[in-house]
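# Observations on the three-dimensional arrangement
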Amino acid sequence: MPMKLFKCDESIPEREKHIYIKEKGEDTTQFLPSAHVETIPGSLSERGCSYCGAKLVIGGVLKDTIQLIHGPVGCAYDTWHTKRYPSDNGNFQLKYVWSSDMKEQHVVFGGEKLLKKAMLEAFAEFPDIKRMMVYTTCSTALIGDDIKPVVKEVEKELGDVDIFTVECPGFAGVSQSKGHHVFNMGWMTDKVGTFEPEITSPYTINVIGDYNIQGDTFVMEKYMEKMGIQIIAHFTGNGTYDSLRGMHRAQLNVTNCARSAGYIANELKKKYGIPRIDVDTWGFDYAKEGLRKIGAFFGLEDRAEAVIAEEVAKYESKLEWYKERLSGKKVCIWTGGPRLWHWTKALEDDLGMHVVAMSSKFGHQEDFEKVIARGEEGTIYIDDGNELEFFEVLEMVKPDLVLTGPRVGALVKKLHLPYVNGHGYHNGPYMGFEGAVNMARDMYNAIYSPLMKLAQSDIRGEQKKTVIAEENSKLGESEVEQLKSVDITSTEAMPTAVNYAVLESSNFDTQPLLIPDNQPLPQWQQIGGNFSVFLEQLPKNLGSFSTEYQMPIICFATIITATVAVKIILAVLDVINEIPHLNLVFELTGIGYLIWFIFRYLFKASTRQELAAQISFIQKEIVQGQD
């Protein structure tokens, strides 16, 4: 099949190059969607900017670094606390945001002095933090602020600090992928090799392209610790500034998200000869394969198999429970880039689901080549999808679930379709064996949540009982007992996860609090109860009072309104009388209107009869209410 043009894109036919539907027997390399190109004008892109790719995705994850954005405060706020990147030092990076807070005057006269002032203030407010990253934005790049000399001045003045500059304004590339590249290459050039890490194991790796979303990094750390492997640096989940400076001492680069961090892995291989292996860490089969790759590199196959056996024994039965209930469900994956090909086979092989549509915000053509090779026939592949295209796709494939970010997720929810946050997760981690169970749990809870069904129904009054009875009848008593007895949550992730199937069988009606007769309520509870009753009956009492005394209230309101109107008119007339010669104009106008009125209505008998008829009609309208 040639590339697909959606109906919503008829006004921008160039979008046909960005959409492909896989069919049997086609050479998919001939039908790769155009990717990593400029967004077509008129298409409502969901992409992030280049600055966002550098700061929000990579740099802002570091747990011990001041992230200073040189630009308007909105650029800092928009990339702060919007993703779940926890750390083991109290989540320092999630608590604070720093900005030079540029205003119009700084855009006109330059913002370098403002930047230096902000940097010194930030270090003074956090004396224990000695590391900083400074980012340019569109505003500061357009006016030509040179931040590197300012950085050198601050480093020289304070002496014990280290600062990294990221010169990647939002307009620098077609998507946030440009920010990934600039950060990777800049860090490799300026910082790698400037710090010597402490080596505690004969086996050392860098974990590249993992950002500890909801604790993903902690899962990988646990596996590597059991295998006796030291992680020199996390790029950049739960990572530190100095550990990234020591990346040159690792023996192996384990790359997870190749699109955001593959650049630095390739440069480490070129400069220091460190080999690279790519792993998929989502899903049971992929987690096994990844651990076996790492184990084979170091000759630790037995340790890798021991970890795999332990994790499978702990979580496989739970995954099977979800597979029985998720098998055959249709899902869309609309995320950034590599997770399309990370997740598609994991969902299909581990859970028996069908991925029916995929959309990438910033993926390159090699990303589409991987995901199309892994995807099923009939699946829709979209580069840089927009809102109208999402509407059309949902109508075409009618999915049971959408994996996407909060922005598109809000759209999906309005259509009464369940979605799971594929960017920040709902209740992660999603990595590894326990992560596969957590992800399956979130998808199960989303699909089987009664909220989506109730949102489409009017459950007011007696109909509420009918809807709940229908929902309860769909779930047998044996199923409810089974759900109550089976532990379906990951014991190490989110033990308080909600089981919506049990919620479907619960009673929605609130039960009154029963108090024995021989135990009177305390005085404060009696007063609170009386006040609560008063507030509860207040709308009813006000309604009955207004009904009973409707005429007096209307008369009183009319008198007050008339009095206020008269006062206003008199005040206006006083002001008008103070204007020179204006009273003469009004007198001449009145005389002219009087003359016109006499000639119009009083000279002829026919016009006098017309005037009398009009007066009679107005009188009947006022007195008798006749139209």
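Parameters and conventions
Residues numbered from 1 in each chain as written. Predicted model: local features only at pLDDT ≥ 70, side-chain atom pairs only at ≥ 80, totals over all residues. Heavy atoms only, no water. Buried < 20%, exposed > 50% of the residue type's maximum accessible area, 1.4 Å probe, protein only. Helix = DSSP H or I, 4+ residues; strand = E, 2+ residues; numbered from the N terminus. Pairing = 2+ DSSP bridges. Axes fitted to C-alpha atoms, helices over the stretch in contact; angles between N-to-C directions. Contact = heavy atoms within 4.5 Å.

## So, the pairing of strand S4 (residues 131-136)
Among the 6 residues of S4, 6 are classified as buried, and the element is accordingly described as predominantly covered. The side-chain alternation of S4 yields two buried faces, one formed by Arg131, Met133 and Tyr135 and the other by Met132, Val134 and Thr136. Direction of pairing for strand S2 (residues 66-70) relative to S4: parallel, over a ladder of 5 bridges. If you follow Ile66 over to S4, its bridge partner there is Met132. Pairing between S4 and strand S5 (residues 162-166): 5 bridges, direction parallel. Each bridged residue has a counterpart across the sheet, and for Arg131 the counterpart in S5 is Asp162.

## Some remarks on the sheet that holds strand S10 (residues 330-335)
Spatially, S1-S12-S11-S10-S13-S14 is the arrangement adopted by the 6 strands of the open sheet, whose pairing is mixed. With one partner strand each, in any of the chains shown, strand S1 (19-21) and strand S14 (419-421) form the two edges of the open sheet. When strand polarity is set aside, the average angle formed by the axes of neighbouring strands in this sheet is 15°. Relative to strand S13 (residues 401-404), S10 is paired through 4 bridges, and the arrangement is parallel. Each residue of the ladder has a partner; that of Cys332, found in S13, is Val402. Those strands touched by helix H17 (residues 406-414) are S10, S13 and S14, and its axis lies near 165° from that of S14. Docked against the sheet, helix H18 (residues 432-447) engages S13 and S14, running at close to 130° with respect to S13.

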